[in-house]
Structures are given as structure tokens and as C-alpha cells.
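An overview of the molecular structure
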Amino acid sequence: MRIGIIAPPWIPIPPPAYGGIESFIDVLALELAAAGHEVVLAASGDSTCPVERMPGFPPSDDSVMGCTAPELRHLIRAYAGLADVDVIVDNTLGGPVLARSAARRPVVTIVHSPFEEIVLELYGAAAPDMAFVAISHHQASTSRDIRVTEVIHHGIRVEDVPIGPGGSEACFLGRMHPAKGLREAIRVAELAGIRLRIAAKMREPLERAYFEDVVRPALGTHAEYIGELSTEEKFALLGSSCAMLNPIQWDEPFGLVMIEALAAGTPVIATPRGSAPEIVQHGRNGFIDADPAGLAAALQHASSLDREACRASVEERFTAAQMAQNYVALFERMLQREPHRFGEAGLSAVRTDHPRIA
């Protein structure tokens, strides 16, 4: 089939450094193309993902991230240019509202953000036949009146991630934000007596302020900030670490960095928030604990876990091929239905419990 994918306009596909949504879009586009589908990508003009790319978009500009006018212009052009596809996959926040009048094809919206009040209101204004895909069961369980059509976990191209030998130091990878739990990670590493290397995006004023006010004073001989890393540098860091600390302080819909770490053979030490219990198998590929002392004890035992088992946990459940197959199956079911029934209940049962790994 011919599949249109709409990316946000802020960061190119693939991202040169930090960009979880953009990395996901790049992998999905490549995997769908590898499976024999025609993929048309509507993304910023400086995107380099090697699939068919719609022309006419300006370069990415993360300085206006979240601004209404640039996103609306991007979406208007995208929906107009994707008139000849079989299905549209929208990864933006405003797209579902615009799609009600602009789309003449079935639209799948992948929900990358939590179902907060403003998101619920926006999605509630979308067309009744809109299909919403949640990226974790926990996220789906918070959708309230928004009917989630399917839960599809993210996947990665495991073959592109080198498995590393591990090391004596732990790492943190994310962005400079309180919700990511960096202050907590530094504390856990200190309690465990294990050195922590921190790689984090720090471009926005709030990120810089958090670093100066909270993170920098906490750094010392046990913790070092090494900056924002390229993809190759990121995998080198993950592969050379004894564990990745991910003591998140919010219900993250899906922690892509966790499966990247596991693919590199590195155990994940996390708090039981959001998607973490769906990814981390306690005692096999990492540990989950809500208490800093418990996380510190887990970090001290991380090197005892089998790095091959960590990688296998991704190969079993979170590959790009599995993810793409799940999306294609959803597209096929939608296209088999009459247009006015695309969003009718029954496409797939949504599990609303939040499994926790003991």
C-alpha cells in the first residue's frame, strides 16, 4: 500500500541528536519501505530519511517548537500533498483536528504525549472515525473518553545497535528536565558508589536553568555531564555502561531510550512509572523500584545480569519489524471497512490494566 507519514516540523528525520519521536518515525518509515510498501514522508525540508519525501517544506527550526502557526502551515501542506495515499499516519498534536476537514483518507494518529486535559479536548474534536494508537498499555489506560484503537509498542532496528561490553560506570540519557529524574539519578549513583555519566539535551532556556540551578551543584567526582550525543556516541555510551539509570518522575508513554539501552546489552534501572513496567523485566533485563535506596541497591547488582538476555528481551518484543507488521495489520483492517466505519469499536481490544513486573 501507499502510506503517508506526517512528522512534526521541528526536528529533521532522522534527528541529528536527541529526538525520540523523530527516531521512531525514521525507523517506522524505513521498516515499512523494507516490507515493500510505498512510503511518503511529510517532514521538514532538511530531513534525509531515504524514502520518498514531499517537497516544499522549510528546514526544521526547534526554536519555534510548539508554536501554532508553523505547525498548522506544515499540516495544511502535508494533508494536501498526501491526497493519493491509502492511509495517513499523523505524529503531530494538531493534526487530528485538521484532519476532520482536510483528510480524504483514513488517518491513524499515533499518540506520543500523555492524555492530559488539553490533549483529550483536542482529540475529542477529531473526526469520529479517527484511529488513535497508544504506544503503551499504561498510556491507553488513561485515555478516558478517547477510544484507543490499538496499543503498539515502539520498536528499533536491533541489528543497528552494537552490543557493548559494559563497564564500571552507569549512564543517564535523556533531556535536561525534572520529569526525567536526573537529580534522582545522581542521588542513586552516589548512594550506590558508582560513577554516573550524563548525556542530555540542553538547548531550551528551561533546560539550561534546570542544569544551572539543580544539576550542576549536584555534580562532582561521582557524576559528570558529557553533553548531547550523536547516535553513534549514544550507543557507545550505552554499550560501555554497567546500567542505564532511568528514575523517571512522570508517566512517560514509552521510553524509547530503555529499549535502546537493552539492545546494547545494558540493564535498565527504573522507577515504576508509565511504560517502564512494560519494558523492564525485573531481575532479567533490569530492576524496578520506587525508592532511591532500592534503586541504588539494584544498580550495585546490575552487572550480575546477562547482557545477552537484555538484548534478547528487545529481539523478542520490540523490533522494528514487529512494530511495522502491527501497523500494517491495523491499516489493512481499516481499509477493509467502509469509510464511515473506520473508527467503529471492535478493531482491537485495548488492555487497560497496568502490568507490573514483580
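Structure shown above.
Presented here is an overview of the structure given in this document. The structure displayed is predicted, hence computed values, not measured ones.

**Let's talk about the pattern of salt bridges**
Throughout the structure, instances matching the rule amount to 23 salt bridges. Between R2 and E52 there is a salt bridge whose closest N-O contact spans 3.2 Å. Here E52 lies in strand β3 (residues 52-53) and R2 lies in strand β1 (residues 2-6), a separation of 50 residues in the sequence. Note on E52: relative accessible area 42%, which makes it partly exposed. The partner of E260 in a salt bridge is K234, with the nearest N and O atoms 3.0 Å apart.

**Regarding the side chain of T266**
With respect to the helices and strands, T266 occurs in the loop between α9 (256-263) and β12 (268-270). Contact partners of T266, with chain neighbours within four places excluded, come to L238, G239, S241, C242, A243, M244, A261, R307 and C310.

**Focus on the sheet that holds strand β2 (residues 38-42)**
In spatial order, the strands read β3-β2-β1-β4-β5-β6-β7; together these seven strands make up an open sheet with parallel pairing. Edge positions in the sheet fall to β3 and β7 (148-151), since each has one partner strand and no second. The pairing of strand β5 (residues 107-110) with strand β6 (residues 131-134) spans three bridges and is classified as parallel. Its bridge partner being in β6, I110 is matched across the sheet by V133. Strand contacts of helix α13 (residues 320-336): β1, β4 (87-90), β5, β6 and β7, with the helix running at about 145° to β5, the strand carrying the most contacts.

**Description of the state of the cysteines**
Summed over all chains, the structure comprises zero disulfides. The thiol of C171 is unpaired, and the distance to the nearest cysteine sulfur, on C242, comes to 8.2 Å. By relative accessible area, C171 is classed as buried at 0%.

**A closer look at the nonpolar core**
In this structure, I5, L41 and Y327 are the most contacted members of the largest nonpolar core, which totals 60 residues. At eight residues, α13 tops the list of elements feeding residues into this core. Look past the residues within four positions of I5 in its chain and what remains in contact with it is I25, L28, A29, L32, V39, V40, L41, A42, V89 and N91. Grouped together as the second largest cluster of nonpolar side chains are 28 residues, F172, A243, L299 and L305 included.

**Remarks on the environment of D129**
By the secondary structure assignment, D129 is in the loop between α4 (117-124) and β6. The exposure class of D129 is partly exposed, given its relative accessible area of 29%. Expressed as a C-alpha distance, the spacing of D129 and R100, which sit 29 residues apart in the sequence, is 9.1 Å.

**Observations concerning the packing of aromatic side chains**
All told, the structure shown has six aromatic pairs when counted by the stated rule. Taking 6.3 Å as the distance between ring centres and 75° as the angle between the ring planes, the aromatic pair formed by F115 and Y123 counts as edge-to-face. Each member of the pair F115 and Y123 is classed as buried. Ring geometry for F254 and F318: centres 6.0 Å apart, planes at 65°, overall edge-to-face. Taken together, the residues span a long stretch of sequence, with F254 in the loop between β11 (243-246) and α9 and F318 in the loop between α12 (307-317) and α13 at a distance of 64 residues. The class of F318 is buried, set by a relative accessible area of 1%. Grouping aromatic residues by their ring pairs yields a cluster made of F24, Y327 and F331. Sitting above the plane of the F235 ring, K234 keeps its charged end 5.0 Å from the centroid.

**Brief notes about α13**
Helix length check: α13 (17 residues) gives 24 Å between terminal C-alpha atoms against 24 Å at 1.5 Å per residue, within 8%. Inspection of α13 places A320, M323, A324, Y327, V328, L330, F331 and M334 among the buried residues, and these make up the whole buried set. Viewed along the axis of α13, the buried residues span an arc of 160°, placing them on a single side of the element. Along α13, exposed side chains directed more than 90 degrees from the buried face belong to Q325 and Q336. Along its buried surface, α13 packs onto β1, α1 (20-34), β4, β5, β6 and β7.

Criteria and thresholds
Residues numbered from 1 in each chain as written. Predicted model: local features only at pLDDT ≥ 70, side-chain atom pairs only at ≥ 80, totals over all residues. Heavy atoms only, no water. Salt bridge = Lys/Arg side-chain N within 4 Å of Asp/Glu carboxyl O. Helix = DSSP H or I, 4+ residues; strand = E, 2+ residues; numbered from the N terminus. Buried < 20%, exposed > 50% of the residue type's maximum accessible area, 1.4 Å probe, protein only. Contact = heavy atoms within 4.5 Å. Pairing = 2+ DSSP bridges. Axes fitted to C-alpha atoms, helices over the stretch in contact; angles between N-to-C directions. Disulfide = S-S within 2.5 Å. Core = buried A, V, L, I, M, F, W, Y, C linked by side-chain atoms within 4.5 Å. Phe/Tyr/Trp six-rings, centres within 6.5 Å; stacked < 30°, edge-to-face > 60°. Lys NZ or Arg CZ within 6 Å of the ring centre and 35° of its normal. Expected span 1.5 Å × (residues − 1). Arc of directions from axis to C-beta.

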